[in-house]
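Report on the structure
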Amino acid sequence: MLMENCGLFAAYSKDSRYNVTGRIIEGLLALQHRGQEAAGIAVSDGIKIQTYKGKGVVNSVFNKSISQKIKGYFGIGHVRYSTNGFSNFVNAQPLTVRYKNEFFSIAHNGQIENSAELKKIFEEKGSIFMTTSDTELIPHLLVNNFKKAPSKWESKEVGKVIDKSIGPSYSLLLLFENKIIVLRDAFGYRPLFLCETKNGIYVASEDSAFKIFPLRDANIREIKPGEAVEIKDGIIKSYEINPNKNYKFCFFEQVYFARPDSNVFGENVHLMREKLGELCAKENPIDADIVIPVMDSGFSAALGYSKASGIPLEMGLMRNKYVGRTFIDPDIQERKLGVRRKLSPVKEVIENKRLVLVDDSIVRGTTVKYIVKMLRENGAQEVHIRIASPMVVNTCHWGVDIPDKNDLICSTKSLKEIEVLVNADSIKFISLTNLLNSLGSDGRKYCLHCFQNDWGETSF
Ligand code: SF4
């Protein structure tokens, strides 16, 4: 499966006696699905910044005593999956640096396209780098543009420097000793939300992270593409950094990354996936006994497929919630084991049945192959795979670790070859044309690059 990008969370208490560390950790837990390699926080008490981070999931990095030791009334947090740089401790974020006797911290979601070039320029000027992550370029870019101490940098100017230097795809939290600056790129590739309650101000990659607050108390809005938000002295200020209206919202957020209870790019994710399932059923009907979802991300699409086709939805595969997602296993043998640990077939449901197996997407094709094998071992009579998105035929340059085209099953094989390879009775996708027709004018706001070949067409 695909590697995700990262998750960002920030909290600012309007009461400076309140410690926000626990709040940030809670926020990161809600965003855990966006990155499981490392987690970290940086918190300011208005005078100094303290940082704590580690490798692994949020619950393994933090414990109660840490949330009591690290104190401050505003701060930022990060859960990481690396799209650039290795998965080691030194690359965990927030990245905290010191300049002119002041600390500042960075939590970054995105990919700096020209990072190799920028690094070379800085190294030739004598800069050294402690990490292999492209995020470390950001403090270098900033201190090269501002000569005063960081707490005196103007938020709008910071936004402009970042926008012209590290675009096109980024979401960024910058923590200073006196404020937080939040930046979202002008194309809006990744979602980013702002929430204000009576007592605090919060930022998160997905609005589902705000569900810890009673809805009636929370004033939530999406941070606009190209907007900079400053949170200082309990007040929110907004600046337009780049007025671009040519959005490129990542469609994979809708298909797979975001939580179903999130609302990204103006749509509820569960309802969007259900719609995609319906679309897939109408385009690719099949005579079968039951629809079964590949849990968890395939559930909403399977529900849509079932509703549109009239074929009952059954729980033919149970998911063990206490096992991490399989994509964290880089080795194929481990991935195979990961599928068996994560998904368990219910023989009594699938035996002697003609199945429609619904999933959200196929990247390398290895996971689905093992699932079909398990279903057949448990007596499935026929297995028809239906994918509630178009074929993934291209890589991503904007922060998602989609493999090289040579490793994408849909880029290298025909539908017939895929059917044989994964041992399915049939396999079908939503065509890109059908998806675009169903999105109507909304289609223009999405990035669909990974579903198109280099000529801008689907590989069908
Ligand atoms: S190429 Fe695909 S994964 Fe990358 S931003 Fe576009 S839609 Fe998202």
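Nothing here was measured: the structure is a model prediction, and the numbers come from that model. (Residues numbered from 1 in each chain as written. Predicted model: local features only at pLDDT ≥ 70, side-chain atom pairs only at ≥ 80, totals over all residues. Heavy atoms only, no water.)

1. Some remarks on the overall build of the chain
The number of helices and strands found in the chain is 15 helices and 23 strands. By the compact-globule yardstick of 23 Å for 460 residues, the chain fits well, its C-alpha radius of gyration being 23 Å. Here the C-alpha coordinates of the chain stretch approximately 70 × 45 × 40 Å along the principal axes. Taking all 460 residues of the chain together, 58% fall into the buried category. Relative to all contacts within the chain whose residues are 6 or more apart in sequence, the contacts with residues 24 or more apart total 69%. Accessible surface computed for the chain: about 18,800 Å², of which carbon and sulfur atoms make up 51%. (Helix = DSSP H or I, 4+ residues; strand = E, 2+ residues; numbered from the N terminus. Rg over C-alpha atoms; globule rule 2.2 N^0.38 Å. Buried < 20%, exposed > 50% of the residue type's maximum accessible area, 1.4 Å probe, protein only. Contact = heavy atoms within 4.5 Å. Areas by Shrake-Rupley, 256 points an atom, 1.4 Å probe, with all protein chains shown as cover.)

2. A few points about the site of the ligand
In the neighbourhood of the ligand, the contacting residues comprise Tyr189, Arg190, Cys250, Phe251, Phe252, Cys396, Trp398, Val400, Ile402, Cys447, His449 and Cys450. When each cavity is represented as a set of grid points, the ligand is found to reside in the largest cavity. Residues belonging to the shell around the ligand are distributed by class as follows: 10 nonpolar, one polar and one charged. (Near = heavy atom within 4 Å. 1 Å grid on protein atoms, 1.4 Å probe; cavity = no way out; pocket = protein on both sides within 12 Å on 5 of 7 lines; lining within 4 Å. Sits in = over half its atoms within 2 Å of the grid points. Nonpolar A, V, L, I, M, F, W, Y, C, P; charged D, E, K, R; others polar.)

3. So, the packing of helix H4 (residues 115-124) against helix H5 (residues 137-145)
In the contact formed by H4 and H5, the axes pass within 11 Å of each other and the chain directions differ by 55°. Comparing their axes, H5 and H4 come out oblique. Between H4 and H5 the crossing geometry is left-handed. When H4 is examined against H5, the residues Ser115, Leu118, Lys119 and Phe122 are found in contact with a partner set consisting of Leu137, His140, Leu141 and Asn144. Of the residues that constitute the contact of H4 with H5, the class distribution is four nonpolar, three polar and one charged. (Axes fitted to C-alpha atoms, helices over the stretch in contact; angles between N-to-C directions. Parallel < 35°, antiparallel > 145°, perpendicular 65-115°, else oblique. Left-handed = near helix turned anticlockwise from the far one by under 90°.)

4. Side note on unusual backbone geometry
Cis geometry marks the peptide bond from Gln93 to Pro94, where omega comes out at 5°. Position of Pro94 among the secondary structure elements: in the loop between strand S4 (74-80) and strand S5 (95-99). Geometrically, the link from Met295 to Asp296 is a cis peptide bond, its omega value of -5° lying close to zero. Examined against the element boundaries, Asp296 turns out to sit in the loop between strand S17 (290-293) and helix H9 (299-309). The backbone of Phe265 shows a phi angle near 55°, a positive value even though the residue is not glycine. Position of Phe265 relative to the elements: it lies in the loop between strand S15 (263-264) and strand S16 (267-268).

5. Considerations on the pattern of salt bridges
Within the structure shown, the criterion is met by 21 salt bridges. When the shortest N-O distance is used, the salt bridge between Glu240 and Lys245 registers 3.9 Å. Residue Lys245 is classed as exposed on the basis of its relative accessible area, which comes to 56%. Between Glu351 and Lys347 there is a salt bridge, with its nearest N and O atoms 3.9 Å apart. Owing to a relative accessible area of 37%, Glu351 belongs among the partly exposed residues under this scheme. Under the relative-accessibility criterion, Lys347 is labelled partly exposed at 37%. The network of salt bridges with shared partners includes Arg34, Arg190, Glu206 and Glu253. (Salt bridge = Lys/Arg side-chain N within 4 Å of Asp/Glu carboxyl O.)

6. Details of the packing of helix H8 (residues 269-283) against helix H15 (residues 432-439)
Packing of H8 against H15 brings their axes to within 11 Å, and their N-to-C directions diverge by 130°. Looking at the two axes, H8 sits oblique to H15. The two elements H8 and H15 cross, and the hand of that crossing is right-handed. In this structure, H8 uses Met272, Leu276, Leu279 and Glu283 to contact H15, whose residues at the interface are Asn434, Leu435, Ser438 and Leu439. For the contact of H8 with H15, the residue count by class is five nonpolar, two polar and one charged.

7. So, the confidence of the model for the chain
Of the residues in the chain, 93% reach a pLDDT of 70 or more, and the chain-wide mean stands at 91. A low-confidence stretch, residues 325-330 (pLDDT under 50), is modelled with 23 contacts involving residues beyond four sequence positions or located in other chains. (pLDDT = per-residue confidence, 0-100.)

8. Quick notes on the sheet that holds S17
Sheet architecture is open: four strands sit in the order S17-S20-S21-S22, paired in parallel fashion. On the outer flanks of this sheet lie S17 and strand S22 (426-429), each paired with one strand and no other. Strand-to-strand twist across the sheet, computed as the mean angle between neighbouring axes with direction ignored, equals 25°. Strands in contact with helix H12 (residues 366-377) are S17, strand S20 (354-359) and strand S21 (382-387); relative to S21, the strand with the most contacts, it is inclined by about 150°. (Pairing = 2+ DSSP bridges.)

9. Some thoughts on the packing of aromatic side chains
Overall, the coordinates contain 23 aromatic pairs when judged by the stated rule. An angle of 75° between the planes, with centres 6.5 Å apart, marks the rings of Phe249 and Tyr446 as edge-to-face. With Phe249 in strand S14 (residues 249-250) and Tyr446 in strand S23 (residues 446-447), this residue pair connects regions lying 197 residues apart in the sequence. For the pair Phe249 and Tyr446, one class covers both residues: buried. A network of ring pairs unites the aromatic residues Tyr247, Phe249, Phe251, Phe252, Tyr256, Phe257, Phe265, Tyr446 and Phe451 as a single cluster. Taking NZ or CZ as reference, Arg98 lies 4.8 Å from the ring centre of Phe103, over its face. In this arrangement the basic side chain of Lys179 is found over the ring face of Phe176, its NZ or CZ atom lying 5.2 Å from the centre. (Phe/Tyr/Trp six-rings, centres within 6.5 Å; stacked < 30°, edge-to-face > 60°. Lys NZ or Arg CZ within 6 Å of the ring centre and 35° of its normal.)

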